[in-house]
Amino acid sequence: MKSTDGVEEAVAAAFREEWGQVVATLIRVTGDWDLAEECAQDAFAQALDRWRRDGVPRRPGAWLTTTARNRALDVLRREAVGAAKLREAAVLTRDGHDEYDESGVEDDRLRLIFTCCHPALPIEARVALTLRTLAGLTTPEIARAFLVPEATMAQRLVRAKRKIRNAGIPYRVPPAHLLPERTTGVLGVLYLLFNEGYAATSGADLMRTNLCAEALRLTRLLARLMPDEPETLGLLALLLLHDARRETRVDAAGELVTLEDQDRTVWDRAEIDEGTTLLESALRRGGPGPYQIQAAIAACHTTAATAEETDWADIAALYGELTRFVPSAVVRLNRAVAVGMAEGTDAGLTLVAELESEGELAGYHLLPATRADLLRRSGRTSEAAEAYERALELVENDAERRFLERRLAECRSA
């Protein structure tokens, strides 16, 4: 594979699949977060030239990790202050693992999550830093996920890295008795990592399946580490129930397919069965939480034989319960959809109007998109068209944009 197009595609694919592992390994080897990211970026840049000349290696991830690590060690050799780090890196590189980690978990990416989720860091910084280093999300993408300005997110990331360096926060999974204090942050990271893969904030594709797969893999690993933690089981159930529908969310042309129009016979029944079993196991432990509630909502969808049989009243009630744990405007917007489906579009539009007047979701494309859909369902197509136009001004993802354009065209021709 030596064509320019082929190499660029291979490097892009390697970035999606390998970025988190490369950066996590470099952080373990060097202890320097900025150096790790810089050398990882350099390795991917080198790949564009070297792979054009030599061909794409059989194991791109190994090539990238070796190239990035060699670059990092060269930098440390040139810095007198890096002498101690270089000695540590030599030991780690030779042994292949971090000998001071008492957890028995050798996965660099899970260690990275626990490092990012140290209780000394604010919760927003924990999640944002992990999405940056593990998933390779850009600062603008993370800012959009948090609904904050890009400059604000950039400052959070800088402060978080500085805190880790100055406080000497170790790169390891903590011993069992300290796991609970980091659970909330770790679960939040895995949840947002999956969400970014399931509905990308920007780009050509609706989904980034590698992020979904990585979030699922790490959540399974965490569930084995904390088998009696109900929210960990609840999150794994939630991810499985969503992932079960992955193949039907876009059609053969890559166009978005709404939940009600998806072919339910193609849903992954094994994942649905595993997800519902995990949810039942979590609920029996008697510690309800937001991930279990969201898993219950997902189960309402995936266990309904047809879209018409969906129990929207139950879903609306569950969203009402979820607001007790997560009183966010986004959760309330989801509840507005459920109320609109259960009690009629006017009831849903009333809740959407309240959110619009509060202004917290200004700039969030799904707010006008939700209003548009409820108006469309009620037959108020001219008003719906105006709302779709507003949503199109805000949307960043190309697949979602095309879907909204189709809906707008339908309303204009009605």
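Here is a short report on the structure shown in this document. (Residues numbered from 1 in each chain as written. Predicted model: local features only at pLDDT ≥ 70, side-chain atom pairs only at ≥ 80, totals over all residues. Heavy atoms only, no water.)

### Brief notes about the overall build of the protein chain
Move 1: Check the secondary structure of the protein chain and you find 19 helices and zero strands.
Move 2: At 23 Å, the protein chain has a C-alpha radius of gyration in line with the 22 Å of a compact globule built from 414 residues.
Move 3: Within the protein chain, buried positions represent 50% of all 414 residues.
Move 4: Sequence separation of at least 24 residues holds for 65% of the intrachain contacts in the protein chain that already meet a minimum separation of 6.
Move 5: Of the roughly 18,900 Å² of accessible surface on the protein chain, a fraction of 49% belongs to carbon and sulfur atoms. (Helix = DSSP H or I, 4+ residues; strand = E, 2+ residues; numbered from the N terminus. Rg over C-alpha atoms; globule rule 2.2 N^0.38 Å. Buried < 20%, exposed > 50% of the residue type's maximum accessible area, 1.4 Å probe, protein only. Contact = heavy atoms within 4.5 Å. Areas by Shrake-Rupley, 256 points an atom, 1.4 Å probe, with all protein chains shown as cover.)

### Some points on the environment of Arg249
Move 1: Here Arg249 shows up in the loop between helix H11 (230-243) and helix H12 (269-284).
Move 2: Residue Arg249 is classed as buried on the basis of its relative accessible area, which comes to 11%.
Move 3: Sequence separation between Arg249 and Glu308 is 59 residues; the distance between their C-alpha atoms is 18 Å.

### Observations regarding the packing of aromatic side chains
Move 1: In the structure shown here, the tally under the stated rule is five aromatic pairs.
Move 2: Judged by centre distance (5.1 Å) and plane angle (40°), the ring pair of Phe15 and Trp19 falls under tilted. Here Trp19 and Phe15 lie together in helix H1 (residues 4-30), a separation of four residues that amounts to about one turn.
Move 3: In this structure Trp19 comes out as buried when scored by relative accessible area, which is 2%. (Phe/Tyr/Trp six-rings, centres within 6.5 Å; stacked < 30°, edge-to-face > 60°.)

### Quick word on the nonpolar core
When a protein is soluble and globular, its nonpolar side chains tend to lie buried together.
Move 1: Counting 125 residues, the largest nonpolar core has Leu26, Trp51, Leu64, Leu112, Ile113 and Leu404 as its most contacted members.
Move 2: Examining the composition of this core, we find that 11 residues originate from one element, H1, more than from any other. (Core = buried A, V, L, I, M, F, W, Y, C linked by side-chain atoms within 4.5 Å.)

### What about the pattern of salt bridges?
Move 1: Summed over the entire model, instances satisfying the criterion amount to 27 salt bridges.
Move 2: Across the pair Asp54 and Arg50 runs a salt bridge, and its minimum N-O distance is 3.9 Å. Here Arg50 and Asp54 lie together in helix H2 (residues 33-54), a separation of four residues that amounts to about one turn.
Move 3: With a relative accessible area of 47%, Asp54 lands in the partly exposed category.
Move 4: Between Glu389 and Arg412 there is a salt bridge whose closest N-O contact spans 2.6 Å. One end of the pair, Glu389, is in helix H18 (residues 381-394); the other, Arg412, is in helix H19 (residues 398-413), and 23 residues separate them in sequence.
Move 5: You can call Arg412 exposed: its relative accessible area is 55%.
Move 6: Sharing partners across several salt bridges, the network here consists of Asp34, Glu37, Arg132 and Lys161. (Salt bridge = Lys/Arg side-chain N within 4 Å of Asp/Glu carboxyl O.)

### As for helix H15 (residues 329-343)
Move 1: Between the first and last C-alpha of H15 there are 20 Å, a value that for 15 residues agrees with the 21 Å anticipated at 1.5 Å per step.
Move 2: Along H15, the residues classified as buried are Ala329, Val331, Leu333, Ala336, Ala338, Val339 and Gly340.
Move 3: Of the surrounding elements, those touching the buried residues of H15 are helix H14 (312-325), helix H16 (345-358) and helix H17 (366-377).
Move 4: Immediately downstream of H15, the backbone of Gly344 shows phi near 115°, a positive value. (Expected span 1.5 Å × (residues − 1).)

### Looking at helix H3 (residues 60-78)
Move 1: Relative to the 27 Å expected for 19 residues at 1.5 Å per residue, H3 spans 27 Å between its end C-alpha atoms, a close match to the ideal helical length.
Move 2: Here H3 has its buried residues at Gly61, Trp63, Leu64, Thr65, Thr67, Ala68, Ala72, Leu73, Val75 and Leu76.

### Quick notes on the environment of Glu260
Move 1: Relative to the elements of secondary structure, Glu260 occurs in the loop between H11 and H12.
Move 2: What makes Glu260 partly exposed here is its relative accessible area of 36%.
Move 3: Sequence-wise, Glu260 and Ala362 are 102 residues apart; in three dimensions their C-alpha atoms are separated by 27 Å.
Move 4: Once residues within four sequence positions are removed from consideration, Glu260 is found in contact with Ala307 and Arg377.
Move 5: A polar contact of 2.5 Å, which involves the side chain of Glu260, links it to the side chain of Arg377. (Polar contact = N/O pair within 3.5 Å; in protein donor to acceptor, adjacent residues only side chain to side chain.)

### Remarks on the packing of helix H7 (residues 139-146) against helix H8 (residues 150-167)
The axes of two packed helices give the description: the angle between them and the distance between them.
Move 1: One way to put it is that H7 packs onto H8 with a least axis distance of 8 Å and a crossing angle of 105°. In terms of orientation, H7 lies roughly perpendicular with respect to H8. Residue-level inspection shows Thr139, Pro140, Ile142, Ala143 and Phe146 of H7 in contact with H8, the latter providing Glu150, Met153, Ala154, Arg156 and Leu157.
Move 2: For the contact of H7 with H8, the per-class residue count stands at seven nonpolar, one polar and two charged. (Axes fitted to C-alpha atoms, helices over the stretch in contact; angles between N-to-C directions. Parallel < 35°, antiparallel > 145°, perpendicular 65-115°, else oblique. Nonpolar A, V, L, I, M, F, W, Y, C, P; charged D, E, K, R; others polar.)

### So, the state of the cysteines
Move 1: Applying the stated rule across the entire model yields zero disulfides.
Move 2: Cys212 takes part in no disulfide bond, and the closest cysteine sulfur, belonging to Cys117, lies 19 Å away.
Move 3: Residue Cys212 is classed as buried on the basis of its relative accessible area, which comes to 0%. (Disulfide = S-S within 2.5 Å.)

### Concerning the side chain of Thr30
Move 1: For Thr30, the position within the fold is in helix H1.
Move 2: Within the local environment of Thr30, its side chain forms a polar contact with the backbone nitrogen of Asp32, the two atoms lying 3.1 Å apart.

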